[in-house]
Amino acid sequence: MASLDVNPAAISLQADLRRRRFTKMGLIWLAVLLFIGWCVSGTIIADTDWSRIGGRSGVLASIGRYLTLDIGLFPELIIPTLETFMMACVGTVLGCFFSLPVAWLGAANVTPSKTILYPIGRFLMVLSRSVHEIVWALIFVSAVGLGALPGILAIAMRSVGFISKITAEAIENIDAKPVEAIRAVGGNQFQVMYYGILPQIYPVVLATVIFEWDINIRRSAVMGLVGAGGLGLLFFRQMNSFNYGGVSMVILAILLLIVLGEVISHYLRKAVI
Amino acid sequence: MTEQAITAKLPSNGPTWSRYRYPESLYRFGTLLVVVLFLGYSLHFLNVDIAKLIGALGRLVGVVSDRYYPPDLEYVLDRGYLAAILDTLQMSFLGSFAGVCLAVPLAWFSAGNVTPHRVMFPVGRLGVISCRAIHETIWTILFVSVLGFGMLAGVSALTMFCIGFAGKLFADEIEAIDMGPVEAMQSAGANPLQVFLFAVVPQVRVAFTGIAIYTWDVAFRAATVVGFFGGGGMGWYLKRNVQQLENLRVAAIILSIIAMVLIAEFLSGYLRSAVNRAK
């Protein structure tokens with residue numbers, strides 16, 4: 001029965017550890033809550049004009065305006081919805097083209113120069129992700145003018161970061177044996193890439209691109225807010241003419257488009273993997 | 001063996017090797033053709049000028065060096081702008097905290113394996129999907145129209161964004177847990193809340209903390225632009241200077257956004273690795 005004997009020292013040690021962990025978690029939570037309290041007092045309490053909102057009835061009245069749908073807007077929705085969808089598709093494909101060289105520069109094992117070009121590739125990935133799509137769209141509207149083109153370019157630039165980062169990681173994790181084998185039988189640089197690297201990274205990259213396409217539909221729906229066509233432009237116009245029922249219709253169209261995109265991407269990803 | 005002898009041995013028009021066999025290669029070609037045709041039609045439908053598209057990146061470089069250089073760095077070191085950065089930071093914290101708190105129950109409802117009731121499942125799913133589907137800028141505009149300009153609208157919009165973002169990741173995490181403890185507690189007669197608290201939470205605690213930190217990182221990126229539509233913070237300065245065509249100041253603001261996002265990303269990466277180490 002010796003094995004059932006419990007060591008009192010071990011029990012007290014465990015209780016001690018548990019107490020210490022408990023205190024530590026408590027301190028972390030206290031710090032977080034104090035910080036949140038500071039944020040609330042700094043932003044919401046100091047910055048909000050409660051009288052202007054008009055109390056609960058005011059808020060309910062403003063929400064109520066959105067609840068009557070403007071069904072008459074339906075025929076005007078079809079073309080912007082198509083535009084939004086196409087902008088997302090073209091933007092994603094263009095983003096793939098842009099991410100190819102970036103991924104090539106930013107993958108440690110295939111980069112042409114590790115000292116100069118590798119950091120540049122990494123920097124481009126971070127740059128693309130850290131600038132919000134609205135900011136990209138603003139820059140491109142000032143560079144190429146209004147229309148669908150700045151939206152497409154903004155979506156492409158914003159997608160580069162994620163796609164090229166995942167692609168570069170996939171390239172870094174490949175099995176080197178096929179590459180060596182192709183080189184050993186005399187394959188040139190292009191053949192090494194096409195037959196050695198591409199088949200290994202292809203499923204990962206395609207799944208990433210489909211995922212990004214799904215997100216890009218969401219992004220292309222707001223490009224119109226800064227002058228780049230699609231559903232965002234219609235949303236902006238309805239909002240500016242205070243046609244709240246029309247705003248709700250546009251939002252429903254966006255929801256429908258996104259659910260559709262999610263379903264398509266679900267099946268595509270299943271087909272790829 | 002000479003070269004001629006080798007070539008003589010091979011059949012003159014034998015099978016040449018190709019990566020894909022006949023039906024598969026046809027399907028692949030067909031898919032590619034459809035995609036290319038669709039893209040071409042899209043470019044036509046959207047009235048995109050191909051020459052402009054090809055020259056766009058060159059034009060971007062030209063425009064940036066012409067109009068946006070040198071950035072007016074003094075403007076972003078001004079006291080008012082630094083206060084706006086602090087506001088943005090506070091907004092992102094509040095939004096992600098509230099969003100993560102609300103996302104946990106929604107994720108619990110929308111996880112197929114531990115959902116408390118059949119009716120709760122679609123409620124949770126629909127809540128998360130509709131928060132995710134609508135872009136944060138649209139949420140901002142809607143909240144501004146209901147709550148007026150200011151940071152309350154920005155925080156609410158970020159909260160919705162974070163519910164959508166964190167809710168999906170949380171639900172995925174819950175669906176991947178080990179079902180052993182859950183079944184053990186259910187067979188001992190625990191109610192769904194007890195199952196969630198004592199069988200699910202201990203398994204996903206560390207992952208949830210990491211996701212919450214990541215959510216803050218992403219929410220900060222979104223918080224830099226909610227001000228553009230009236231939500232307060234850095235975005236409001238961006239909007240004002242864009243409308244006044246103060247391009248040098250816009251360039252400085254964009255640079256400051258990039259710098260802040262980089263700091264946030266570094267911080268969140270550090271915190272996430274610290275959480276993983278302390279597990």
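Model, not experiment: these values are computed from the prediction.

*Asks:* Residue-level account of the overall build of chain A, with values.
*Replies:* For chain A, the count of helices and strands is 11 helices and 0 strands. Moving toward the C terminus, one meets the helices and strands of chain A in the order α-α-α-α-α-α-α-α-α-α-α. Over its C-alpha atoms chain A spans a radius of gyration of 27 Å, topping by over 25% the 19 Å that the globule rule assigns to 273 residues. Counting across all 273 residues of chain A, residues that qualify as buried make up 45%.

*Asks:* Could you give an account of the domain arrangement of chain B, naming the residues involved and the relevant values?
*Replies:* Taken domain by domain, chain B holds domain 1 (17-67) and domain 2 (73-278). Of note, the centres of domain 1 of chain B and domain 2 of chain B, computed from C-alpha atoms alone, are 34 Å apart.

*Asks:* Describe in detail the side chain of H135(B), supporting the description with residues and values.
*Replies:* By the secondary structure assignment, H135(B) is in the loop between helix 6 (120-133) and helix 7 (136-147). Of the polar contacts made by the side chain of H135(B), one reaches the side chain of E133(A); its length is 2.6 Å. In this structure the side chain of H135(B) is engaged in a polar contact, spanning 2.9 Å, whose partner is the side chain of T137(B). Dropping the residues within four chain positions of it, H135(B) is found in contact with H132(A), E133(A), R218(A), R219(A) and V222(A).

*Asks:* Lay out unusual backbone geometry in plain terms, naming residues and giving numbers.
*Replies:* Its identity is not glycine, yet F242(A) carries a phi of approximately 55°, on the positive side. Note on F242(A): relative accessible area 58%, which makes it exposed. The backbone of L245(B) sits at a positive phi, close to 55°, despite the residue not being glycine. Residue placement: L245(B) occurs in the loop between helix 11 (234-243) and helix 12 (247-278).

*Asks:* Now, about the domain arrangement of chain A: what can you tell me, with residues and values included?
*Replies:* Often, the extent of an interface is quoted as the loss of accessible area on bringing the components together. Partitioning chain A into domains gives domain 1 (7-48) and domain 2 (72-272). Computed from C-alpha coordinates alone, the two centres of domain 1 of chain A and domain 2 of chain A are separated by 41 Å.

*Asks:* Any chance you could break down the packing of helix 4 (residues 74-106) of chain A against helix 9 (residues 189-220) of chain A for me, citing the residues and the numbers?
*Replies:* When two helices pack together, their arrangement is given by the angle between the helix axes and the distance between those axes. All names here are of chain A. The interhelical angle for the contact between helix 4 and helix 9, taken along N-to-C directions, is 140°, at an axis separation of 9 Å. Relative to helix 9, helix 4 is oriented oblique. By crossing handedness, the relation of helix 4 to helix 9 is classed as right-handed. Between helix 4 and helix 9, the contacting residues are T84, F85, M87, A88, C89, T92, C96 and W104 on the first element and M193, V209, W213, N216, I217 and S220 on the second. Grouping the constituent residues of the contact of helix 4 with helix 9 by class yields 10 nonpolar, 4 polar and no charged.

*Asks:* Can you explain a positive patch on the surface? Please cite residues and give values.
*Replies:* On the surface, a cluster of positive charge is made up of R18(A), R21(A), K24(A) and R205(B). When residues in the positive patch are grouped by element, the largest group, 3 residues, is from helix 1 (residues 8-47) of chain A. Following the sequence through the fold, R18(A) ends up in helix 1. Its relative accessible area of 66% is what places R18(A) among the exposed residues.

*Asks:* I'd like to hear about the interface of chain B and chain A, residue by residue, with values.
*Replies:* The interface of chain B with chain A comprises 61 residues on the first partner and 70 residues on the second. Counting each side, the surface lost to burial between chain B and chain A is near 5800 Å², with a carbon and sulfur contribution of 77%. One can count 1 salt bridge joining chain B with chain A. Across the pair E265(B) and R129(A) runs a salt bridge, and its minimum N-O distance is 3.2 Å. Here chain B and chain A share 11 residue pairs in polar contact (both at pLDDT 80 or more) between them. In the side of chain B that touches chain A, the residues fall into 42 nonpolar, 8 polar and 11 charged.

*Asks:* Let's hear about the packing of aromatic side chains: which residues, and what values?
*Replies:* Taken as a whole and assessed by the stated rule, the structure comprises 24 aromatic pairs over all chains. Centre to centre, the rings of F85(A) and F38(B) are 6.2 Å apart; their planes meet at 65°, and the pair counts as edge-to-face. Placement of the pair is F85(A) in helix 4 and F38(B) in helix 2 (residues 22-45), with the two residues belonging to separate chains. Judged by its relative accessible area of 18%, F85(A) falls in the buried class.

*Asks:* So, the side chain of R219(A): which residues are in play, and what are the values?
*Replies:* Looking at the element boundaries, R219(A) is found in helix 9. For R219(A), a relative accessible area of 9% puts it in the buried group. A distance of 3.1 Å separates a polar atom in the side chain of R219(A) from a polar atom in the side chain of E212(A). Once residues within four sequence positions are removed from consideration, R219(A) is found in contact with E133(A), R158(A), S159(A), E212(A) and H135(B).

*Asks:* Give a detailed account of the nonpolar core, specifying residues and quantitative values.
*Replies:* One finds F235(A) and I174(B) to be the most contacted residues of the largest nonpolar core, which totals 139 residues. In this structure F235(A) touches L225(A), V247(A), V250(A), I251(A), I138(B), I141(B) and L142(B), once residues within four positions along its chain are discounted. Counting 16 residues, the second-largest nonpolar core is a separate cluster that includes V160(A), A168(A), I201(A) and V209(A).

*Asks:* So what's going on with helix 5 (residues 117-130) of chain A? Which residues, and what values?
*Replies:* For helix 5 of chain A, with 14 residues, the first-to-last C-alpha span of 20 Å sits near the 20 Å given by 1.5 Å per residue. Every buried residue belonging to helix 5 of chain A is among G121(A), M125(A), S128(A), R129(A) and S130(A), and all of these are buried. In the core, the buried residues of helix 5 of chain A are packed alongside helix 4, helix 6 (133-144) and helix 7 (148-172) of chain A together with helix 10 (192-226) and helix 12 of chain B.

*Asks:* How would you summarise the pattern of salt bridges if you had to cite specific residues and measurements?
*Replies:* For the structure on display, the rule yields 15 salt bridges over all chains. Between E175(B) and R125(B) there is a salt bridge, with its nearest N and O atoms 3.4 Å apart. Residue E175(B) is located in helix 8 (residues 151-175), and its partner R125(B) is located in helix 6; the two are separated by 50 residues in the primary sequence. Between R221(B) and E265(B) there is a salt bridge whose closest N-O contact spans 3.0 Å. Here the residue R221(B) occupies a position in helix 10, and E265(B) occupies one in helix 12, the gap between them amounting to 44 residues. Per residue, the accessibility class of R221(B) equals that of E265(B), and both read buried. Linked through salt bridges whose partners overlap, the residues forming this network are R129(A), D217(B), R221(B) and E265(B).

Conventions used here
- Residue positions within a chain follow its written sequence, with the count starting from 1.
- Chain A is the first chain written and ligand 1 is the first ligand written, with later ones labelled in order.
- Whole-chain, interface and lining totals are the exception, using all residues; otherwise, since this is a predicted model, local features are given only for residues with pLDDT of at least 70 and side-chain atom pairs are given and counted only at 80 or more.
- Think of the side-chain values as coming from all heavy atoms in the structure, minus any hydrogens and water.
- The way it works is that DSSP assigns letters per residue, a run of H or I at least four long becomes a helix, a run of E at least two long becomes a strand, and they are numbered from the N terminus.
- In this setup the radius of gyration rests on C-alpha atoms only. A globule is expected at 2.2 Å times the number of residues raised to 0.38.
- Using a 1.4 Å probe on the protein chains alone, a residue whose accessible area is under 20% of its type maximum counts as buried, one over 50% counts as exposed, and one in between counts as partly exposed.
- Domain borders in the structure are assigned automatically or taken from a domain database.
- Pairs of N or O atoms within 3.5 Å make up the polar contacts considered here, provided that, within protein, one atom can donate a hydrogen while the other can accept it, and that residues adjacent in sequence are counted only when both atoms are side-chain atoms.
- Here a residue-residue contact requires only that any non-hydrogen atoms of the pair lie within 4.5 Å.
- Axis definition: a line fit to C-alpha positions, over the contact stretch in the case of helices; interaxial angles, taken between N-to-C directions, run 0 to 180 degrees.
- Here roughly perpendicular refers to angles of 65 to 115 degrees, roughly parallel to angles under 35, roughly antiparallel to angles over 145, and oblique to all remaining angles.
- Helix crossings get a hand from a simple test, with the near helix turned counterclockwise from the far one by less than a right angle marking a left-handed crossing and a clockwise turn marking a right-handed one.
- When residue character is reported, Ala, Val, Leu, Ile, Met, Phe, Trp, Tyr, Cys and Pro are called nonpolar, Asp, Glu, Lys and Arg charged, and the others, Gly included, polar.
- For patch building, the residue pool is restricted to those with more than 30% relative accessible area and no salt bridge; the joining distance is 9 Å between like charges and 5 Å between nonpolar side chains (Val, Leu, Ile, Met, Phe, Trp, Tyr).
- For the accessible areas, the method is Shrake-Rupley and the probe is 1.4 Å, while residue cover comes only from the protein chains on display.
- Put simply, a salt bridge is a Lys or Arg side-chain nitrogen that is within 4 Å of an Asp or Glu carboxyl oxygen.
- When charges are counted, Lys and Arg are positive and Asp and Glu negative, with His and the chain ends excluded.
- A charged residue contributes its charge at one atom only: NZ of Lys, CZ of Arg, CG of Asp or CD of Glu.
- Values labelled buried area give the accessible surface lost by two parts on being combined, using a 1.4 Å probe and summing over both.
- The aromatic pairing rule takes the rings of Phe, Tyr and Trp, using the six-membered ring of Trp, and pairs them if the centres are within 6.5 Å, calling planes under 30 degrees apart stacked, those over 60 edge-to-face and the rest tilted.
- The definition of a nonpolar core used throughout is a set of buried Ala, Val, Leu, Ile, Met, Phe, Trp, Tyr and Cys residues joined through side-chain atoms within 4.5 Å.
- To estimate how far a helix should reach, multiply one less than its number of residues by 1.5 Å.

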